Amino acid sequence: LPYPKYLQEEGWPPLMYLKESKRAVNSIRSLVEEEDEEDDVEKVSWSGEPVGIYLLDCRWSVHDDVILLWQDYVSDWTPEETVKRMQQGKVYSLEKFRSLQDKLLLLDEAVNAHDGNVITAVLIYLKKSLSKEILFRELITREIALRHYIHYLKEIGEQKLLLMQYRDHLNVRDENKRRDFLKNCLSFPFSPDDATHVQDHYTLLERQIIIEANDKQVESSGQADIFKKYPRKASILNMPIITTLYYSCFYHYGESDGTFSSPANIRKTFRISDKQFLLTCLGARAKLKAWFDVDALFTTKNWLGYTKKRSPIGFHRIVDILQKNNAPVQVLQDYVNLVEDVEQKISLAQKYKCHDVIINTYRDLKDRQQLIVYRGKVEKGSSEYRKIEEILSNSVRRSFP
Amino acid sequence: MSAHLSNGRVNLNILREAARKELREFLDKCAGSKAIVWDEYLTGPFGLIAQYSLLKEHEVEKMFTLKGGRLPAADVKNIIFFVRPRLELMDIIAENVISEDKMHSPRDFHILFVPRRSMLCEQRLKEQGVLGSFINIDEYILDLIPYDGDLLSMESEGAFRECYLESDQTSLYHTAKGLMTLQALYGTIPQIFGKGECARHVANMMLRMKREFAGSQTQILPVFDSLLLLDRNIDLLTPLATQLTYEGLIDEVYGITNGYAKLPPEKFAAQKKQGEVGKDLPTEPKKMQLNSAEELYAEIRDKNFNAIGAALSKKAKIISAAFEERHNAKTVGEIKQFVSQLPHMQAARSSLANHTSIAELIKDITSEKNSLYSFSFHVQLTTLHSSSLPSVLISSEAFFDNLTVEQEFMTGVDTDKVNTYIEDSIAQKDPLIKILRLVCMQSVCNNGLKQKILDYYKREILQTYGYEHMLTLNNLEKTGLLKPQTSTRNNYPTIRKTLKLWMEDANEQNPNDISYVYSGYAPLSIRLTQVLARPGWRSIEEVLKMLPGPHFEERQQLPAGLHKKRQQGENRTTLVFFLGGVTYAEVAALRFLSQMEDGGTEYIIATTKLINGTSWIKSLMDRPEAP
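Along each chain, the written sequence defines residue order, and numbers are assigned to residues from 1. Whichever chain is written first becomes A and whichever ligand is written first becomes 1, with later ones labelled in order. With pLDDT at 70 or above as the cut-off, local features in this predicted model cover only qualifying residues; side-chain atom pairs require 80 or more to be listed or tallied, and sums for whole chains, interfaces and linings still use all residues. In computing side-chain values, all of the structure's heavy atoms are included and hydrogens and water are not.

Enquirer: When you look at the overall build of chain A in this model, what are you seeing that I'm missing?
Expert: Numbering of helices and strands starts at the N terminus; helices are DSSP runs of H or I of at least 4 residues and strands are runs of E of at least 2. Per the secondary structure count, chain A includes 21 helices and two strands. Only protein chains enter the accessibility calculation, which uses a 1.4 Å probe; a residue whose area is less than 20% of its type maximum is buried, one above 50% is exposed, and one in between is partly exposed. Looking at chain A as a whole, 48% of its 401 residues are labelled buried. For this analysis, residues touch if any pair of their heavy atoms sits within 4.5 Å. When contacts within chain A are restricted to residue pairs at least 6 apart in sequence, those whose partners lie at least 24 apart make up 56%.

Quick look at the structure:
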């Protein structure tokens, strides 16, 4: 059953986001006049003729006496009795609920029974016997029935109606088709919040396609060293934004921010926070052992031209990340030195064997005792050892207590 | 295989027997030899009801897993499909039936829908043109499955999602049906208490069903004194917290499915074949059934993990002492006596070895290491148990840090700020479920997050894990697990203080309060249960009003002569039903209350599904396995 076009386009997504549902349904109502040809569901006015016998599948009662069955069938069951019979698997007929009021009573009764099976059966009947306009109007005020109806439509494959159409993009394998699909989603009446995310998602995939095509070509042509040295392991398509940024910092560092693939452009386009940007960039540059780039990430100049190292993240974490990427001690100790908390600094320095940092810190603290202890830990005759010796002997003449 | 079901206060074996009887009757309806084609999902729950031997006694000769294409050859008269009522399964069945070679071997087809038949499904079979091929179409109402001596589960994974996200309350109907069956077997439950929207629905349906069956009153002396129905959404906090009981931790780390856990095999390898050194390590996970049929497990499962070491070593001493007895056996009679106990002792020894191994595995993961500043990397254990849930908490530092943050949230520390641990975890790309668990917990403990903070978390998550997770975040918002703060007033502290949800110095070794199950946090749901028993809910009206949904009390008339006369000092029996899932730690807390000397109430526990934070959040995710 192809679903009416107006629901594919305009009706989206009235049913899941209930706060928006009313607005959406109104839009359906206004559009219902310009009915489309695809709607092949028989339309019957609620006050009009009965829809003929809606054949009931009552095989589970074949053992019953046929006469009894007929009596059951023609008896004038109330909505409550009918629902009860449906639950018990007995014969029932929905056709005698002809007026809208009766149908709604039946629906409400079914909802009260909390039996999804029965609710769905009643909905199928209403779908057949009511115009969509009326059915939707009534469903809007009956949240539970509405959800069942959506579920039913989903189950029988009227996917197009599905409010969560966005979700369907997961089924589209081809990246170009997927991009186009997302582009279509942009026109849906999302909440402002979600709209931003969908827009970002679309932009991201659009750019990934461009970057992927370009890099694939560059890599296979063998023009760029970076791809020769570090061949790409996987395509960047459909990766999250942070992964894309990492990729960009890895392969496209230093590009001018006019290119789609440059880190600066990605950062700006997707409003990436300073912390996330720094962490991702640091990870990528450290992986390449580009220590100069790492240094530049933290260096700021004031108006007098003095440089200072700053970071939106504690330097102890920077040290951890660098160490994880096998940074040499010379690099590590620069950052260990920047850790403000002394205890934390010493503990990190000990962990990563930054002797100079430890020795200097104890020297500055004038902690002779700790220096003597530490001398016992380093190799005799090594440069560290000599350094400690020197400090200890100097200090005797100076101010050590 | 089922003796452990009859050891409790209420003999749940009766329920299991009733379920088996119905199964036998159905099997006998399809006369002659048969093959069962299984919807794989059902094999777990059915395993709790009937072993293969029962099926075999009723001429089941072959079993297959349901899949497309042609059915495997089997020289049987009947093919029976055991399936859930799902449309996609109907299509597979239709494919099976259509590709059957009719000339060669005419076989009869039957379908058994579990737990109910569905018009939609039959309609689908009709559309596919195969409905007429089935001789029997039946339903097998597997509502409440006895899980252990004091525990019933519907094993319905989707119940919470259906009720609170999709507003599909069919599972509540099944619940009410299940409770009616229970009352048919164990007598009318005179008092019904409840809290929450779903609880109210279930109670209403029960009362209505009772009116409808008014003629067929059961003449059984009531076994249960009261029923307490609790909505999961009145206590969203508890499942988010990491369970710290032994059983709870096994579930958190490895996942327990239908009573079985799949464990990494390495630690279990050595004890079997000591002679064969250098043999390849087993690669298949070790599958272990966990229930009170195992004496040792029944003893230790509800203890706090910190008390497990002591318990195991005490047990080890007892067992080796028993083995040492052989030296004292001098006479033929004494030796005979010793030998007769040998099988039991050996079973105890192997049980001890198994649990020591499991405890070691868990200890490796949970014990704190002295690397406070080190980054921890999550090693995905998924390869070890590929089919079960991926573990969220893997490395020990992560476990400890994670726990610290949880406890900060539960005690109300800095719940209104962006949490750096969560931020760091996102930056490290820790498993998404772990992040969601923590963010939801912060939201719940702060009665919603400030819009700015919520937006920040959402953006970080979407940027790091992919925009498609927008759907999942939406779902979490719809169920109230994640929400923007609407009023400035945060009532969580009031609830915490009134119900004493946080206990300093929880005693993990010799607990005196239920808070030991989370090392300090007393599960809200269980506090409500405890207060109801004594002094009653009237004392906490204010708090009850802060939790969602109505609270109520109903009475059911008993037929004359069935009023129970309680003996002096006899405990009351209460059935607590968790709609939307319960954790093992909550179960442990209720067992603790049952065992309290002056408690006065014993509890039987029922639920739609045993859950933990990970499986719960996962059930709310949209396409967690999306490409």
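This is not the end of the story, as more comes after the structure.
Enquirer: Explain the nonpolar core to me, please; I cannot follow it from the model alone.
Expert: Joining through side-chain atoms within 4.5 Å is the link that ties buried Ala, Val, Leu, Ile, Met, Phe, Trp, Tyr and Cys residues into a set, and such a set is a nonpolar core. Ranked by size, the top nonpolar core spans 193 residues in total, and within it Leu 23, Phe 82 and Tyr 246 of chain B carry the most contacts. With sequence-adjacent residues up to four places away left out, Tyr 246 of chain B is seen in contact with Tyr 297, Ile 300, Arg 301, Lys 303, Phe 305, Ile 308, His 355, Ile 358, Ala 359 and Ile 362 of chain B. By size, the runner-up hydrophobic cluster in this structure holds 57 residues, among which are Ile 124 and Tyr 152 of chain A together with Ala 35 and Ile 111 of chain B.

Enquirer: Whenever I open this one, a negative patch on the surface confuses me. Can you help?
Expert: Nonpolar side chains (Val, Leu, Ile, Met, Phe, Trp, Tyr) are joined into patches within 5 Å and like charges within 9 Å, using only residues with over 30% relative accessible area and no salt bridge. Using a 1.4 Å probe, accessible areas were evaluated by the Shrake-Rupley method; residue-level cover was limited to the displayed protein chains. Between Lys or Arg on one side and Asp or Glu on the other, a salt bridge is scored when a side-chain nitrogen of the former is within 4 Å of a carboxyl oxygen of the latter. A positive count includes Lys and Arg, and a negative count includes Asp and Glu. His and the chain ends are not counted in either. Taken as the charge location is NZ of Lys, CZ of Arg, CG of Asp or CD of Glu. Taken together, the side chains of Asp 28, Glu 59, Glu 61 and Asp 75 of chain B present a region of like negative charge at the surface. Examined against the element boundaries, Asp 28 of chain B turns out to sit in helix 1 (residues 13-29).

Enquirer: Is there a simple way to think about the interface of chain B and chain A in this case?
Expert: It is common to give the size of an interface as the accessible area that goes away when the parts come together. Facing the 49 residues of chain B at the interface are 60 residues of chain A. Buried area is calculated as the accessible area (1.4 Å probe) missing from two parts once they are joined, with the contributions of both summed. When the two sides are added together, the surface that chain B and chain A hide from each other amounts to roughly 5100 Å², 53% of it contributed by carbon and sulfur. The interface formed by chain B and chain A holds four salt bridges in total. In this structure, Arg 317 of chain A engages Asp 424 of chain B in a salt bridge whose closest nitrogen and oxygen atoms are separated by 2.3 Å.

Enquirer: What am I meant to see in the pairing of strand 6 (residues 145-148) of chain B here?
Expert: Two faces belong to every sheet, and in a regular strand the side chains alternate between them. Residues and elements named next belong to chain B. With three bridges joining them, strand 6 and strand 7 (residues 151-153) adopt antiparallel strand pairing. For Pro 146, the partnering residue across the bridge sits in strand 7 and is Leu 152. Pairing between two strands requires that DSSP report at least two bridges joining them. What sits between strand 6 and strand 7 in their antiparallel hairpin is a turn of two residues.

Enquirer: Would you mind going over the environment of Asn 302 of chain A with me for this structure?
Expert: Residue and element names in this part refer to chain A. Along the polypeptide, Asn 302 turns up in the loop between strand 1 (299-301) and strand 2 (307-309). Given the relative accessible area of 37%, Asn 302 is considered partly exposed. Linking Asn 302 and Asp 108, residues 194 residues apart in sequence, is a C-alpha distance of 72 Å.

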